[in-house]
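# Report on the structure
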Amino acid sequence: MLSYSRSFEKFLFSNVEKSLPFSIAYSTEVKKEVKEEFRVLNLKNVKRQTQPKRAQKQLEALPPRTNKMPVDQDWGSVWPGPRSFHPASVPLPVRQGYVEKGVAPDKYANAELIKIPNFLHLTPPVIKRQCEALKKFCTPWPKALENDKECEKHFPIEVTSSDYCHSAPTIRNPLARIVTIKFKLSSLNLNERAKDKFLRLVGERYNKETDTVAIVTDRCPLKKQNYDYAMYLLTACYHESWNVEPWEELKSEADMEYYDWSKNASKKSVEALFGKQTEDIPNVKEYSEAVSTLMNEGESEYSVTKYGDSVRKLLGLPDAPKT
Amino acid sequence: MLKRPERFIIKCAQLHNSYIQSLHTTVCLSSQERLQSFRTNEENPLNHNESNTAQFYKLLESDKAKLFVHGGLPKSFETQAKTFNETCLMIRQPALDVINCMKNIDYNKPAVRFVLYGKKGTGKSLAMAHILHYAFKQDFLIVHVPWVGNWMRRCKEQSNSESKEGYIDINLDAAGWLLHFKTQNAHILSKPKLKTSRDHVWSKRETTPKDSPLLELIEHGIARIKYASETVNAICEEIKILSNDGKCRTIVAIDGYNAFFYRITRVFTVKKEPVLPEKVTLTEGFLNLTKFDWKNGVIIVTVDEIAIAEKDQISHLPRYLLGKQGFEHLDPFVPILVSNYTKKEVLSCLDYYKERKWIQPYPGLENEVEFVSASNPYKLMKICASL
């Protein structure tokens, strides 16, 4: 019973609360209407008087640093490392670029100057200073290696690899692993057959003009590993070229990559023709050379004529008439 | 069987001559006018020398009838010769060179091989004709194959060889060649010393006994066409023996020699399979003759692009045309280049045409013809020929 009466009381009270604000609101609205002006119907949305915008305060650019630079400053500390051009740091009236009429643009806001690489960090005094700093890590040049010839003789293998120095989250550059070794083919102890096999093994790594073999290794992740691998390749190729496999003995005349006169039918027929050994036949050397050129260097009007002349000499025929 | 064709051919030749004599375009000129620089009166090739270069000399009808009845001169040249009512050959450097060598060869040494080479239409066959004429005058025994291509690429018939397994005979062509050989050497073959060295057994009943004249062997081949190919090989063998013994001096002249080494022939077996050149019976005899293992002989061959299939006509140089095998077979040989006309030769040729009333002279003719023909003898002849 008690609980019931309480709930009823609550209900009643809440009703009173709801009705009260209505009455208050009504009374304030009447007061406002009295105070304000009559509102204008603004259909065309004509601008009313606007508040003036606050003027943006222009930041004053600092005068270029070059103005304050003393004449005897230490340039190495102004421009310590490689960097693209900055007009305010370089106290030089440089100009770059082209305009149709007038002079070339000056250094300020000049993209052309920024684009090109500069060597402002490598001025002679700076280089000198850096060399001085490095000197304490160097050892004296061996006296025996006076010229390039001596160097080549004592150190026939030239090893080339690159180190990279730059600011980045990692100090490792994958290009640093690549190792190139170069050496002259003549510095290897090879005979004619072994040389031929070596050249077949190295393939296009041999440069005929300079007589050098260049082996580039980049398959291992580290420089040391690649260097070891290159050395291994060199050793393996060298010893393999001295190896004579059983199937290599089967190489016949048809497999020859060049024409060797002394192993060919031409020699046999000449020997049969004269009934003598090759050494006893006069003028045979010129003939054999002519045949070899004809076969090795391909046929041309010139080589055929040469061949003809040598045959005439060999057989003792009168010379060809000159045309 | 071929005796009748022989008679027929001779008759034809006679008919042609009479026909041309009644129609020929030339006017007989006095002998003085003929003595111009483009022509020499020296009709004997023995006396031709350097001073005669680019001059024409007349090949006498009697010589021509003996040498070139059954081929040897190119067809277009033959037609022109008929029109001109005379066969004139130009004395050119390559032929003179070979003739000079032939005069200086020591015939007691192994046979020397000459290879005439040059681009198409430069006159290799005509140089060969000049050399043959010289050899004919020198009483050489002439073994002349007018065009090997006729055997390897246009043979008349083919049959399996009976004596040799897997070989192909081209007997009609062989018999034709025997006839050619007989005509060319009629005066030498009648000599009694040319005898066979051994018995040639053809079948149970047919043999040519030892010491029978060579002529008999040839006539047997012509009469019994079945054995013609073998006869040719036998004759080649006999000639070699006879020359070696010093009974005769031989010139071997083969035109289109590289056809013997060109793999693709148009000779087919019964099953229509193409035959390799070395499987043709005739090849053996002539390859045997072009070896150096005999003396009292001289061998002159031409290598020609026309003797091989058109798709392989890449170069005119001898090593390419002969191939490895052919080169090794001939090596060491003397290559002799037959080149295009020189300026002097062009002028001489045009002078000759003018004299024959074959072309009308007008200013600038020489330069124009030389330019248009690029100094190629065959083209020059074609440009000046009738339509």
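As a starting point, this report considers the structure included with it. (Residues numbered from 1 in each chain as written. Chains lettered and ligands numbered in written order. Predicted model: local features only at pLDDT ≥ 70, side-chain atom pairs only at ≥ 80, totals over all residues. Heavy atoms only, no water.)

### Remarks on the packing of aromatic side chains
Any aromatic ring pair is given by two values, namely how distant the centres are and how the planes are angled relative to each other. In the structure shown here, the tally under the stated rule is 21 aromatic pairs over all chains. For the pair Trp75(A) and Trp79(A), a centre-to-centre distance of 6.0 Å together with 10° between the ring planes defines the contact as stacked. On the basis of an interplanar angle of 20° and a centroid distance of 5.1 Å, the ring pair of Trp177(B) and Phe181(B) is categorised as stacked. With a gap of four residues between them, Trp177(B) and Phe181(B) both fall in helix α8 (residues 171–184), about one helical turn apart. An aromatic cluster is built from Trp151(B), Trp177(B), Phe181(B), Tyr257(B), Phe260(B), Phe261(B) and Phe286(B), whose rings are joined through pairwise contacts. Above the ring of Trp79(A), the side-chain terminus of Arg83(A) is found at 5.3 Å from the ring centroid. Of note, Lys164(B) hangs over the ring of Tyr167(B), and the distance from its end group to the ring centre comes to 4.7 Å. (Phe/Tyr/Trp six-rings, centres within 6.5 Å; stacked < 30°, edge-to-face > 60°. Helix = DSSP H or I, 4+ residues; strand = E, 2+ residues; numbered from the N terminus. Lys NZ or Arg CZ within 6 Å of the ring centre and 35° of its normal.)

### Details of the pattern of salt bridges
All names here are of chain B. Scanning the model with the defined rule gives 36 salt bridges over all chains in all. With a shortest N-O distance of 2.9 Å, Lys 324 and Glu 328 are connected by a salt bridge. Taken together, the residues span about one helical turn, with Lys 324 and Glu 328 both in helix α13 (residues 318–330) at a distance of four residues. One continuous salt-bridge network, built from bridges that share partners, spans Arg 39, Lys 58, Glu 86, Glu 355 and Arg 356. (Salt bridge = Lys/Arg side-chain N within 4 Å of Asp/Glu carboxyl O.)

### Observations regarding the side chain of Arg92(B)
Residues and elements named next belong to chain B. Here Arg 92 lies in the loop between β2 (87–90) and α5 (93–104). At a separation of 2.6 Å, a polar atom in the side chain of Arg 92 contacts the main-chain carbonyl oxygen of Ser 339. For Arg 92, the residues in contact, after removing those within four places along its chain, are Thr 122, Gly 123, Val 338, Ser 339, Asn 340, Tyr 341, Glu 345 and Pro 377. (Polar contact = N/O pair within 3.5 Å; in protein donor to acceptor, adjacent residues only side chain to side chain. Contact = heavy atoms within 4.5 Å.)

### What about helix α14 (residues 343–355) of chain B?
All names here are of chain B. The end-to-end C-alpha distance of α14, which contains 13 residues, comes to 18 Å, matching closely the 18 Å that a straight helix rising 1.5 Å per residue would cover. All of the buried residues in α14 are Glu 345, Val 346, Ser 348, Cys 349, Leu 350, Tyr 352, Tyr 353 and Glu 355. Downstream of α14 by one or two residues, Lys 357 has phi in the positive range, about 55°. (Expected span 1.5 Å × (residues − 1). Buried < 20%, exposed > 50% of the residue type's maximum accessible area, 1.4 Å probe, protein only.)

Keep in mind these values describe shape, not function.
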